[in-house]
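Secondary and tertiary structure notes
Residue strings, one per chain:
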Amino acid sequence: MATLLPFPVQPAAPVKEPAPVLRVQGLRKAFEGREVLRGVDWTVPAGRVIGLLGRNGAGKTTLLRCLLGLAPVDAGSIELFGVPMTEPGGERLHRVGFVPQSFDLFPWMKVRAYLDFTAAFYDRWNHALAARLLDEWQLDPAQKIGRLSQGQRQKLAIVRAIAPEPDLLVLDEPVASLDPQARRAFMAELLALMGAPGKTVIFSTHITADLERADADIALLRDGLIHFVRPLAELKSRLCHAVLSRPAGWTTPPAMAGVLKARVAGASLHLLLEDVPAERLHQLAKDEEASLRIEMPTLEDLFVELA
Amino acid sequence: MRSIVQLWLLPNRQMPLLGTVAHLLWLAALASLALVTPHAEGAAIGATLLAVGSWFWHLGLATTLRSACQPETFLLPAFRRRLAAFGLADAAIWVGLPALLALALHVPHAALGGTLLLLAAAMGFAMGVERWISLLFWPLLVLAGWMPGLVGAVVHGALESPLTLPLLLLVALLLLRLSLHPMLRITDRPPDTSPLEGLSVGRGTATDAAPRRSALGRRFEGWFDAIAQRAMEQALSRYRQQPTAARRRTLVRRLLLPHDNALAILLRLAIMAVFATLYVVVALHRRHFHASVVGAYAVLIALARFPQIGRGMQRMRPNLADLYLTLAPTTRTQYQQTLADALLVLVPIGTVSALAYTVLGIVLTHATQPWLMLLVTLIVATGGGLVALAVHLIGPQNAVGRQLVNATVLMGTMAMYWAGVALVDALGYVFGGGLLALVVLGFGLGVWFAAQREYQRREPCFDAPLA
């Protein structure tokens, strides 16, 4: 049995927010009658790394493609760099880097020719960075893209996306095909490059360790909506996981303020809590004649509980 | 047993018409053998029907199995053994059963007939797997045309010789070996070419399966790739020097149509010329074609390129998302316009190709009205190309719809070609040609501009097509 309670609305932060890179309002998208996005409202401020989390089929890829105008939307509005995304808008697209989920680009082209072709259209293209990454990631410029492994293609897609030094980098599960070394190298490059002021990264991933490394803001997409967007550090400092156990088991979870999710598993009651002091939990355990175990949840734990 | 049934169902599902016709021919052949043989030439009718049906069936079967025999397929338990069992069952149906029936009915030369049936099946199968195998039979056709007396004598002698049967069996086995070996061998998948490139040598147009290339095909591919690479480098260098709209369009063309630069077109024409010359040598020594037929055929070859545009643009959709971000158009209409402009180059390429093939035809057939043929080809290939590009750019997305549209365009173009020949013949080059140009090019341009507007109106689509 699991009960999911509404996530409490946070009070507005007193600090002045920078101008948003992206503002989405009431975004809806359906495929053959199946609604994937059900009125997404989302604002992404400049200069942040956003980790978009959601279960398989939650609509992460669809959302990211809609944001860039790569898929038509059924309703709602999208503003990119403060301008409505009704038309691509020319050079605005050059301020965006995109790494798709799978990279099957132009398999008949060679790596060098593909990058040269792409670079020719950009006013800003960091040739030295592209050359260095090709070298460090052992991508042969003379190789045909069709001959590269999936992981190598993903690396090439990343090189292509970051070489123009975009202001907004959108990555759809970019590291899924990478080996651990390449993943770490990529994250290091990403953080170094996008650490400059005003640079924003949105990436969907299931590898929560990468988000922890990037100290990202977590956006959770569930039931076709952005359920919440919060800094990871805040999530980890305010949320905790409590397990109450007693031989008689649990029929209903006890009512208590701050419970985000309650789940009964055998004789144990698992509670995901926000801003609940340890003393109150000890009191609850005492009242219910149960043993208590308090754990600090990892992002993966939070994802499992909340997604 | 179930696996054998499933293997038999494969070509029937993929090509139901071929499966039905081939099996109806098989039934008709056996009926001829059983019912007509005692009275007349039932055996001959039956053998002919069987040979034709078997050839078609095995051609289709090979095409299906060729795309089914991917490395992953060999992971199926005992796949090779089951394939062999299916092969035996198939041989029993198409060769063994008719041969036994013929023996039972005391049909003369039954054993030879059975061997020839096996040869027909092996030929069909081998041509389905490796298209170049059909070239092996051309010298025989040339010989039959040049020296029919000699061939007649050889056939007569062969009927009497005890060596004929084992030799034919050996040829059939050799053909099966040639076709089965590459099909059952697990090789690396070659990198795909642009889905918009359809007529390049060694690349299939009918299926999206991994291309199988012979050594000759690989060599051609190497030439085309080297040329494409150089053309891209040149286009890049020119664009960097002066980034004009025209040079930008050329650059996009070099990406989407890597084998449609001047040098690659020349190479393609040269290769086609070699094959066309061989074909004409084979075909023309026996009967004399009306020279205009060659012109019509040239137009058909040029138009055969366009269906690939519809299929290719569909397959390219996910790739085009990257091009969209790279080009960074101001509006979606501008982006659609860029693609349409890039593809428009296929029309003059098609016209030039048709003219080149026509010139070749004129030379080979010693045509009496070369200028008439060239004028009509120029007008009809251009008009037909515009219409073909238009309908394949905005036409139906499903295979059946595309085939119907394609058939309509081809028939319409052929009607225009013959009407054009008659018109120019009757009214002369100025009036006839002018009228033809007015009608055909007017219609072609009208359809193209309408299609272009419709294509620009549409939202770009970057979703992968459903398989």
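Here the structure is a predicted model, which is why all the values come from computation and not from measurement. Note that residues are indexed from 1 along each chain, following the sequence as it is written. In the order they appear in the text, chains get letters beginning with A and ligands get numbers beginning with 1. In view of the model being predicted, local features appear only for residues whose pLDDT reaches at least 70, and side-chain atom pairs are presented and counted only at 80 or more, with totals across whole chains, interfaces and linings using the full set of residues. To obtain the side-chain values, all non-hydrogen atoms of the structure were included, while hydrogens and water were left out.

**Structural notes on the overall build of chain B**
For helices the rule is a DSSP run of H or I covering at least 4 residues; for strands it is a run of E covering at least 2, with both sets numbered from the N terminus onward. Looking only at helices and strands, one finds 17 helices and zero strands in chain B. With the C-alpha coordinates of chain B rotated into their principal frame, the extents come out at 80 × 60 × 35 Å. Counting over 467 residues, chain B shows a buried share of 45%. Sequence-distant contacts, at least 24 apart, represent 79% of the contacts inside chain B between residues at least 6 apart. In this description, accessible areas are obtained by the Shrake-Rupley approach with a 1.4 Å probe, and a residue is regarded as covered only by the protein chains that are shown. Carbon and sulfur atoms make up 70% of the accessible area of chain B, which totals about 23000 Å². Three labels apply to residues, based on accessible area from a 1.4 Å probe with only protein chains included: buried if under 20% of the type maximum, exposed if over 50%, partly exposed otherwise in between. In this analysis, two residues are considered to be in contact whenever any of their non-hydrogen atoms come within 4.5 Å of each other.

**Quick look at the interface of chain B and chain A**
At the junction of the two partners, chain B supplies 37 residues and chain A supplies 34 residues. What counts as buried area is the accessible surface, traced by a 1.4 Å probe, that two parts surrender upon association, with contributions from both included. Between chain B and chain A, roughly 3100 Å² of surface is buried when both sides are summed, and carbon and sulfur atoms account for 62% of that area. For this document, the term salt bridge refers to a Lys or Arg side-chain nitrogen within 4 Å of an Asp or Glu carboxyl oxygen. For the pair chain B and chain A, the number of links is five salt bridges. For aspartate 322 of chain B, the salt bridge identified is with arginine 160 of chain A, shortest N-O distance 2.6 Å. Contributions of two or more residues to the side of chain B that touches chain A are made by helix H9 (215-241), helix H10 (245-256) and helix H13 (307-327) of chain B. Counting residues per element, the side of chain B that touches chain A draws most heavily on H13 of chain B, which supplies nine residues. Here the term charged refers only to Asp, Glu, Lys and Arg, the term nonpolar to Ala, Val, Leu, Ile, Met, Phe, Trp, Tyr, Cys and Pro, and the term polar to all other amino acids, Gly among them. Among the residues making up the side of chain B that touches chain A, the classes are represented as 19 nonpolar, seven polar and eleven charged.

**Quick notes on the sheet that holds strand S5 (residues 75-80) of chain A**
Residues and elements named next belong to chain A. Here, a strand pair is defined by DSSP locating no fewer than two bridges between the strands. With antiparallel pairing, the four strands of this open sheet are ordered in space as S3-S2-S5-S6. Each of the sheet's edge strands pairs with one partner strand only, and the pair in question is strand S3 (34-45) and strand S6 (83-84). Note that strand S2 (residues 20-31) and S3 share nine bridges and pair antiparallel. Bridge pairing in S3 links lysine 29 to leucine 37.

**With respect to the environment of phenylalanine 203 of chain A**
Residues and elements named next belong to chain A. Take phenylalanine 203: it is sitting in strand S9 (residues 200-204). Residue phenylalanine 203 is classed as buried on the basis of its relative accessible area, which comes to 0%. Considering only alpha carbons, one finds phenylalanine 203 and alanine 219, 16 residues apart in sequence, at a separation of 9.8 Å. Contact partners of phenylalanine 203, with chain neighbours within four places excluded, come to Val49, Ile50, Gly51, Leu52, Leu171, Pro174, Met187, Leu190 and Leu211.

**Describing the packing of helix H12 (residues 291-303) of chain B against helix H17 (residues 399-457) of chain B**
A pair of packed helices is characterised by two quantities: the angle between their axes and the separation of those axes. Residues and elements named next belong to chain B. Axis angles are defined between N-to-C directions and span 0 to 180 degrees, where every axis is a line fitted to C-alpha atoms and, for a helix, only to the segment in contact. Interaxial distance between H12 and H17 falls to 10 Å at its minimum, and their mutual angle equals 150°. Our pair here, H12 against H17, has a crossing hand that is right-handed. Of H17, the residues touching H12 (which contributes Ser292, Val293, Gly295, Ala296, Val299, Leu300 and Leu303) are Leu410, Thr413, Met414, Tyr417, Trp418 and Val421. Helix crossings fall into two classes, left-handed where the near helix is turned counterclockwise from the far one by less than a right angle and right-handed where it is turned clockwise.

**Some words on helix H4 (residues 150-162) of chain A**
How far a helix is expected to stretch is found by multiplying one less than its residue total by 1.5 Å. A rise of 1.5 Å per residue sets the reference length of H4 of chain A, with its 13 residues, at 18 Å; its end C-alpha atoms lie 18 Å apart and thus fit the reference within 8%. Buried within H4 of chain A we find Gly151, Arg153, Gln154, Lys155, Leu156, Ala157, Ile158, Val159, Arg160, Ala161 and Ile162 of chain A. Taken together, the buried residues of H4 of chain A touch strand S7 (96-99), helix H2 (111-120), helix H3 (127-136), strand S8 (168-172) and helix H5 (180-193) of chain A together with H13 of chain B.

**Some remarks on the sheet that holds strand S11 (residues 225-231) of chain A**
Residue and element names in this part refer to chain A. Ordered by their spatial adjacency, six strands build an open sheet running S7-S8-S9-S4-S10-S11, and the pairing between neighbours is mixed. Looking at strand neighbours, the two that pair on one side only are S7 and S11, the edges of this open sheet. With strand direction ignored, the average angle separating the axes of adjacent strands in the sheet is 15°. When S8 meets S9, the two strands line up parallel, connected through five bridges. Opposite leucine 169, over in S9, you have valine 201 as the bridge partner.

**A word on the packing of aromatic side chains**
Residues and elements named next belong to chain A. Note on aromatic pairs: the rings of Phe, Tyr and Trp (six-membered ring only in Trp) are paired at centre separations within 6.5 Å, and the planes decide the class, stacked below 30 degrees, edge-to-face beyond 60, tilted for the rest. Tallied over the entire structure, the rule returns 13 aromatic pairs over all chains. Aromatic pair phenylalanine 117 and phenylalanine 121: ring centres 5.0 Å apart, planes at 55°, arrangement tilted. Note on phenylalanine 117: relative accessible area 2%, which makes it buried. One cation-aromatic arrangement involves arginine 95 over phenylalanine 81; the distance from NZ or CZ to the ring centre is 3.8 Å. Here, over-ring charges are defined by two tests on the NZ atom of lysine or the CZ atom of arginine: distance to the ring centre within 6 Å, and angle to the ring normal within 35 degrees. Geometry around tryptophan 250 places arginine 246 over its ring, the cationic atom sitting 3.8 Å from the centre.

**Focus: the pairing of S8 of chain A**
Successive residues of a regular strand alternate their side chains across the two faces of the sheet. Residue and element names in this part refer to chain A. Of all the five residues making up S8, five are buried; the element is thus mostly covered by neighbouring parts of the structure. Burial of S8 is two-sided: the residues Leu168, Val170 and Asp172 facing one way and the residues Leu169 and Leu171 facing the other way are all buried. As defined by bridge partners, S7 adjoins S8 across four bridges and the pair is classed as parallel. Looking at S8, one finds that glycine 97 is bridged to leucine 169. For a crossover, the right-handed case is the one in which the path from the first strand over the helix to the second runs clockwise, viewed with the strands pointing away from the viewer. Handedness of the β-α-β unit built from S8, H5 and S9 comes out right-handed.

**Here's the deal with a nonpolar patch on the surface**
Residues and elements named next belong to chain B. The patch calculation keeps residues exceeding 30% relative accessible area without a salt bridge and links them within 9 Å when they carry like charges or within 5 Å when they are nonpolar (Val, Leu, Ile, Met, Phe, Trp, Tyr). A cluster of nonpolar side chains, Trp371, Met416, Leu427, Tyr429, Val430, Phe431, Leu435, Leu438 and Val439, forms an exposed patch at the surface whose accessible area comes to about 1000 Å². Structurally, tyrosine 429 can be placed in helix H17. On the accessibility criterion, tyrosine 429 (44% relative accessible area) is partly exposed.

**Describing the side chain of arginine 230 of chain A**
Residues and elements named next belong to chain A. Relative to the helices and strands, arginine 230 is located in strand S11. Look at arginine 230 and you get buried, because its relative accessible area is 4%. At a separation of 2.5 Å, a polar atom in the side chain of arginine 230 contacts the side chain of glutamate 274. Think of a polar contact as two N or O atoms within 3.5 Å of one another; within protein, one of them needs to be a possible hydrogen donor and the other a possible acceptor, and neighboring residues in sequence only count if both atoms come from side chains.

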